[in-house]
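# Report on the structure
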Amino acid sequence: MRALDERIALVTGGAGGIGRAIAEAYAREGAQVIVADRDAGATAEAAADIGAAGHRAIDVTDAASVEAAIIATVRAHGRIDVLVNSAGILTEAPATAMDPATWAETIAVDLTGVFHCCRYAVPHMVERGWGRVINIASQLGIKGGRSLAHYAAAKAGVIGFTKSLALEVAEHGVLVNAIAPGPIETPMVAGITEEWKAAKRAELPLGRFGRPEEIAPTAVLLASDPGGNLYVGQTLGPNSGDVMP
Ligand SMILES: NC(=O)c1ccc[n+]([C@@H]2O[C@H](COP(=O)([O-])OP(=O)(O)OC[C@H]3O[C@@H](n4cnc5c(N)ncnc54)[C@H](O)[C@@H]3O)[C@@H](O)[C@H]2O)c1
């Protein structure tokens, strides 16, 4: 018996660094995974590589696109047991000089995208009396970051949203939690200057960035029974010691 045998899991951002590692770990643990991401080709390729049960091109900022993906998944697989919200973007700009469009785009993807996916998936879980939602926040949502006010605000929003939704649906058997990783080696941080990365590494008690496969086991734990059964509205912090709340 594997940890996620027979679970149906939809992973947004499943073609990217952390989402893909989670999708891969879920498939290894016996789940039928649906990889959902923005680019249709990359999404299909990632799904094939990890042996996923399905794939879907979605834009999490577009409520209709998310609703269609959830309806198609429930139609094809009968239900959604686990939703992982890993789709996200990161840009840098000082708060007082930030183009409002940059602010709006980050909030749309990193915060409203999570709301959209939960808005359409969670009612199916409530109806069946079982579900797990795992939102990928960031430790920057707890500690903030220079030139990252938009990102930090969105991720702090994800943490508050996670707690609030958890309060609404725990009694229906649906557990909602977040993971707030520290810096992880993925395409998202590939563009950041080596100078910044060196300074960041020096700040970390572990002295190094994490790897996506070091986040995936936390997402397996939260989705598993009995391992995840008592986590409600929590934010787990695999973050190399960057934040100790
Ligand atoms: N890498 C890090 O250091 C780090 C740290 C903390 C939190 N996070 C969070 O982890 C999550 C995954 O990030 P990652 O590092 O794997 O980045 P990544 O860029 O490798 O993956 C992000 C994925 O999200 C998808 N995506 C972006 N916008 C989308 C949209 N509108 N609709 C659907 N899909 C969309 C991308 O196509 C990509 O595949 C993000 O929410 C990110 O904020 C990352």
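The structure contained in this document is the topic of the report that follows. (Residues numbered from 1 in each chain as written. Predicted model: local features only at pLDDT ≥ 70, side-chain atom pairs only at ≥ 80, totals over all residues. Heavy atoms only, no water.)

Moving on: the site of the ligand. Neighbouring the ligand are 28 residues; Ile18, Asp37, Tyr151, Ile184 and Thr186 lie closest to it. One of the backbone nitrogen or oxygen atoms of valine 60 is found 3.0 Å away from a nitrogen atom of the ligand. For the ligand, an oxygen atom lies 2.8 Å from a polar atom in the side chain of lysine 155. Notes on the ligand: free accessible area 830 Å², of which the protein chains cover 92%. The site holding the ligand turns out to be the largest pocket. Listing elements by their share of the shell around the ligand, those giving two or more residues are helix H1 (17-28), helix H6 (149-169) and helix H7 (187-190). In terms of residue count, the dominant contributor to the shell around the ligand is H7 (three residues). In terms of residue class, the shell around the ligand is built from 16 nonpolar, eight polar and four charged. (Near = heavy atom within 4 Å. Polar contact = N/O pair within 3.5 Å; in protein donor to acceptor, adjacent residues only side chain to side chain. Areas by Shrake-Rupley, 256 points an atom, 1.4 Å probe, with all protein chains shown as cover. 1 Å grid on protein atoms, 1.4 Å probe; cavity = no way out; pocket = protein on both sides within 12 Å on 5 of 7 lines; lining within 4 Å. Sits in = over half its atoms within 2 Å of the grid points. Helix = DSSP H or I, 4+ residues; strand = E, 2+ residues; numbered from the N terminus. Nonpolar A, V, L, I, M, F, W, Y, C, P; charged D, E, K, R; others polar.)

This next bit is on helix H3 (residues 63-77). For an α-helix the count is 3.6 residues per turn, leaving residues at separations of three or four pointing the same way. In a regular helix each residue adds 1.5 Å, so 15 residues correspond to 21 Å; H3 covers 21 Å between its end C-alpha atoms and thus fits that length. If you check which residues of H3 are buried, you get Ser65, Val66, Ala69, Ile70, Thr73 and Val74. The buried residues of H3 all sit within an arc of 165 degrees when viewed along its axis, so they share a single face. Opposite the buried face of H3, by more than 90 degrees, sit the exposed residues Ala64, Arg75 and Ala76. For H3, the secondary structure elements touched by its buried residues are strand E1 (8-12), strand E2 (32-37), strand E3 (54-57) and helix H4 (100-128). The residue sitting at the N-terminus of H3 and contributing the capping side-chain oxygen is aspartate 62; that oxygen lies 3.1 Å from the backbone nitrogen of alanine 64. Two residues or fewer past H3, glycine 78 is found with a positive phi of approximately 90 degrees. (Expected span 1.5 Å × (residues − 1). Buried < 20%, exposed > 50% of the residue type's maximum accessible area, 1.4 Å probe, protein only. Arc of directions from axis to C-beta. Contact = heavy atoms within 4.5 Å.)

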